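Take a look at the letters that make up each chain.
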Amino acid sequence: MKKYLIIMLASLSIYLVSNDQIIFAKDVEKIGYLVIERPHTLEKIKDFPKLPYRSGVGRPEGVILHSTGENDKTLEEWISYEEKTWENAFVHAFVDDRKAVEIADPNYLCWGAGKVANPRYVQVELVEFPDGTSKIKMMQSIEQYAHYIARVLKQFNIGKPTLADEINGIGTIITHNSVSKYLGGTTHTDPYNYLPKNGFSIKYVFSRINYYYYSI
Ligand SMILES: [Zn+2]
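What you are looking at is a predicted structure, and each value in this text was computed from that prediction instead of being measured.

K.L.:
Help me get a handle on the overall build of the protein, residues and values and all.
P.N.:
Secondary structure assignment for the protein yields 7 helices and 5 strands. Order of helices (α) and strands (β) in the protein, N terminus to C terminus: α-α-β-α-β-β-α-β-α-β-α-α. Looking at the protein as a whole, 40% of its 216 residues are labelled buried. Taking as baseline every contact in the protein between residues at least 6 positions apart, the subset at least 24 positions apart corresponds to 69%.

And the structure:
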């Protein structure tokens, strides 16, 4: 009986990751479970400048949600790119469907969203996938994204997720688009350029952040 159950579970997993037409929003809890079981890769690959947030070292006030803005690079290629161009801009972490990779120490600020926001927030990039990528792969990348963001909120005792996009720019979670709109110092509109057209609202991402925040 036990053996039979294990075989059933194994085949369910294969089914979940191979049939994106059927498994979508209604089975998100199952997808989330699959993703959270995977260990995160946290590797500081470069000695970026160590500048304190405006409230001090180790005192970020929230997390900025980015997406890469171009869909032609892998996570590894984005990291290589940032290693070469960090003097212009760098973020703390990248996520795709497989992992979150932290490249800069989030105890210190990064340079990803202009001079007003940089001294306030941890910043993470969702790697954009090319058109035609399966929904399940996109969904798994959002799970990694949400899990990483929830973990940062906990790690730095920032407090529960609140969506600044809906509260005039004030909250623990803010998109780069809302930094442009409410704080200034930047003009980018990500991740709105990417997520909605692929069927994922910012509210959906926020709901997944909440899910992990209250379950990890
Ligand atoms: Zn951005």
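K.L.:
Account for helix H3 (residues 75-85), with residues named and values stated.
P.N.:
Taken together, the buried positions of H3 are Leu75, Trp78, Ile79 and Glu82. Projected onto a plane normal to the axis of H3, the buried residues spread over an arc of 100° and lie on a single side. Across from the buried face of H3, at angles greater than 90 degrees, the exposed residues are Glu76 and Lys84. Buried residues belonging to H3 abut strand E2 (93-95), strand E3 (100-102) and strand E4 (121-126).

K.L.:
Give a description of the nonpolar core that names residues and reports values.
P.N.:
Core analysis: the biggest nonpolar cluster contains 51 residues, and Val63, Val124 and Ile149 have the highest contact counts within it. Listed by contribution, the elements that provide at least two residues to this core are strand E1 (62-67), H3, E2, E3, E4, helix H5 (135-155), strand E5 (173-175) and helix H7 (202-213). When residues of this core are assigned to their parent elements, the largest contribution, 11 residues, is made by H5. The residues contacting valine 124, other than those within four sequence positions of it, are Val63, Leu65, His66, Val91, His92, Ala93, Val95, Tyr145, Tyr148 and Ile149.

K.L.:
Explain the packing of H5 against H7 to me, using residue names and the numbers behind them.
P.N.:
H7 packs onto H5 with a crossing angle of 55° between their chain directions and a minimal axis gap of 8 Å. With respect to H7, the axis of H5 lies oblique. In this structure, H5 meets H7 at a crossing whose hand is right-handed. Mapping the contact onto sequence places Ile142, Glu143, Tyr145, Ala146, His147, Ile149, Ala150 and Leu153 in H5 and Val205, Arg208, Ile209, Tyr211, Tyr212 and Tyr213 in H7. Taken together, the residues of the contact of H5 with H7 break down into 11 nonpolar, 1 polar and 2 charged.

Calculation rules
Residues numbered from 1 in each chain as written. Predicted model: local features only at pLDDT ≥ 70, side-chain atom pairs only at ≥ 80, totals over all residues. Helix = DSSP H or I, 4+ residues; strand = E, 2+ residues; numbered from the N terminus. Buried ≥ 20, exposed ≤ 12 C-beta atoms within 10 Å, placed from the backbone. Contact = placed C-beta atoms within 7 Å. Arc of directions from axis to C-beta. Core = buried A, V, L, I, M, F, W, Y, C linked by C-beta atoms within 7 Å. Axes fitted to C-alpha atoms, helices over the stretch in contact; angles between N-to-C directions. Parallel < 35°, antiparallel > 145°, perpendicular 65-115°, else oblique. Left-handed = near helix turned anticlockwise from the far one by under 90°. Nonpolar A, V, L, I, M, F, W, Y, C, P; charged D, E, K, R; others polar.

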